[in-house]
Amino acid sequence: MSAGSARPDRLIRCPSGDLLLDVRDDGPVDGEPVLLLHGFPQDGTSWSRVASVLHAAGLRTLVPDQRGYAPGARPAGRRAYRLELLVRDAVALLDAAGLERAHVVGHDWGGIVAWALAAQHPERTASLTVASVPHPRALARSLTRSPQALRSAYVAAFQLPRLPESLLGPRLEDLLRRSGLPVAEAARCAARMREPGALTGALNWYRALPLSGLRTGPVDVPTTYVWGSRDAALGRRAAELTAEHVRGPYRFVELDAGHWLPETRAGELAGLVLERAGRVVA
């Protein structure tokens, strides 16, 4: 089955091992497919504005609520959130949709999964567009060459059991608003994180970092990396080093923006995805 074809039925849920991911499958069913991977502490609704532009251009979008976020996919223990398993979920979704490959788009933690998917499975990745998060090896290199270690200090704090949930839960909506996420989206994310097990599942992505055996290598597929110059969590040094970890056609786009690009710069981000998909952008 070619990248532009798919089964006529729509995906609502996707099995991955014994987990069940919720999926938003929209746009023309025979359109060229785009896989959109959300970050922390979002869910698939973070891509709504981007997806509507892609649909208007004739593309089909597959948007999962990923492991830890979907009620049917909140396994216990941090080992269940290793990067190799997050990538396996993305491949399982392509398989469930009957797709050989798709254009892959990721933001924040979804970007880390997208980088790893493209590096590990270039045959499944028609193109790659990543928002905010640089290539993982570029990020690691920047920890000793810039103030990035200070920006990333929260990752170490999230390794603690239970305490991050108790401190973050009551303050999450306010923290998200103050970080630049629009009010409605901040309220929706915070409400989702109040579901049983949701915040722990989301934080377990960070807690599994020391346990993950997958190391993301260089990327050979056509790639666009989009970075907001006012991103409080991710600095310039890692953004600039990312070029050294992409061997395929590469474009770096710097926006005068913060971290939440799918929600706040949807039109520009969708336009860059369309460029990678070979669509004319007006």
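The notes below deal with the structure included here. If you're wondering where the values come from, they're calculated on a predicted model, not measured in any experiment.

Here we look at the overall build of the protein chain
Counting secondary structure elements, the protein chain contains 13 helices and 8 strands. Over its C-alpha atoms the protein chain spans a radius of gyration of 17 Å, differing by no more than 12% from the 19 Å that the globule rule assigns to 282 residues. Projected onto its principal axes, the C-alpha positions of the protein chain cover 45 × 40 × 35 Å. The buried share of the protein chain, reckoned over its 282 residues, is 55%. Within the protein chain, counting contacts between residues at least 6 apart in sequence, those at least 24 apart form 78% of the total. Accessible surface for the protein chain amounts to roughly 11500 Å². Of this, 56% is attributable to carbon and sulfur atoms. Positive and negative charge centroids in the protein chain, built from 35 and 29 side chains respectively, lie 5 Å apart.

A few points about the side chain of Thr125
Relative to the helices and strands, Thr125 is located in strand β6 (residues 125-131). The exposure class of Thr125 is buried, given its relative accessible area of 2%. For Thr125, the side chain forms a polar contact with the main-chain oxygen of His121, separated by 3.1 Å.

A closer look at the pairing of strand β4 (residues 60-65)
For β4, a buried count of 6 out of 6 residues is recorded, marking the element as mostly surrounded by other parts of the structure. Direction of pairing for strand β2 (residues 19-26) relative to β4: antiparallel, over a ladder of 5 bridges. Bridging from a neighbouring strand, Val23 pairs with Pro64 of β4. Once the chain exits strand β3 (residues 33-37) it traverses helix α1 (residues 48-56) before rejoining the sheet at β4, and the crossover so formed is right-handed.

So, unusual backbone geometry
Between Phe40 and Pro41 the backbone carries a cis peptide bond, its omega angle lying at -5 degrees. By the secondary structure assignment, Pro41 is in the loop between β3 and α1. For Asp108, which is not a glycine, the phi torsion comes out positive at approximately 60 degrees. By the element assignment, Asp108 lies in the loop between β5 (102-107) and α3 (109-120). By relative accessible area, which is 9% here, Asp108 ends up buried. The residue Ser132 is not glycine, and still its phi comes out positive at about 80 degrees. Here Ser132 shows up in the loop between β6 and α4 (136-142). Judged by its relative accessible area of 0%, Ser132 is buried.

Remarks on the environment of Cys14
With respect to the helices and strands, the residue Cys14 is situated in strand β1 (residues 13-16). Considered as a pair, Cys14 and Pro64 are 50 residues apart in the sequence and their alpha carbons are 8.4 Å apart. Contact partners of Cys14, with chain neighbours within four places excluded, come to Leu19, Leu20, Leu21, Val23, Ala92, Leu93 and Ala96.

Observations concerning the environment of Glu84
Mapped onto the elements of the fold, Glu84 is located in helix α2 (residues 83-96). When the C-alpha atoms of Glu84 and Gly27 are compared, they prove to be 29 Å apart, with 57 residues separating the residues in sequence. Excluding residues that lie within four positions of it along the chain, Glu84 makes contacts with Ser212, Gly213 and Leu214. Reaching out from Glu84, the side chain makes a polar contact with the backbone nitrogen of Gly213 at a distance of 3.1 Å. A distance of 3.4 Å separates the side chain of Glu84 from the backbone nitrogen of Leu214, its partner in a polar contact.

Structural notes on the pattern of salt bridges
Applying the stated criterion to the full structure yields 23 salt bridges. Ionic pairing is found between Asp65 and Arg24, a salt bridge with its closest N-O pair at 2.7 Å. With Asp65 in strand β4 and Arg24 in strand β2, the pair connects residues that are 41 residues apart, well separated along the chain. Given the relative accessible area of 3%, Asp65 is considered buried. Asp220 serves as the salt-bridge partner of Arg247, at 2.7 Å between the closest nitrogen and oxygen. In this pair, Arg247 sits in the loop between α11 (236-241) and β8 (250-255) while Asp220 sits in the loop between α10 (198-207) and β7 (223-228), placing the two residues 27 residues apart along the sequence. Under the relative-accessibility criterion, Arg247 is labelled exposed at 58%. A single network of salt bridges, built from pairs that share partners, joins Arg24, Asp43, Asp65, Arg74, Arg192 and Glu195.

What counts and what doesn't
Residues numbered from 1 in each chain as written. Predicted model: local features only at pLDDT ≥ 70, side-chain atom pairs only at ≥ 80, totals over all residues. Heavy atoms only, no water. Helix = DSSP H or I, 4+ residues; strand = E, 2+ residues; numbered from the N terminus. Rg over C-alpha atoms; globule rule 2.2 N^0.38 Å. Buried < 20%, exposed > 50% of the residue type's maximum accessible area, 1.4 Å probe, protein only. Contact = heavy atoms within 4.5 Å. Areas by Shrake-Rupley, 256 points an atom, 1.4 Å probe, with all protein chains shown as cover. Lys, Arg positive; Asp, Glu negative; His and termini not counted. Charge placed at Lys NZ, Arg CZ, Asp CG, Glu CD. Polar contact = N/O pair within 3.5 Å; in protein donor to acceptor, adjacent residues only side chain to side chain. Pairing = 2+ DSSP bridges. Right-handed = clockwise from strand over helix to strand, strands pointing away. Salt bridge = Lys/Arg side-chain N within 4 Å of Asp/Glu carboxyl O.

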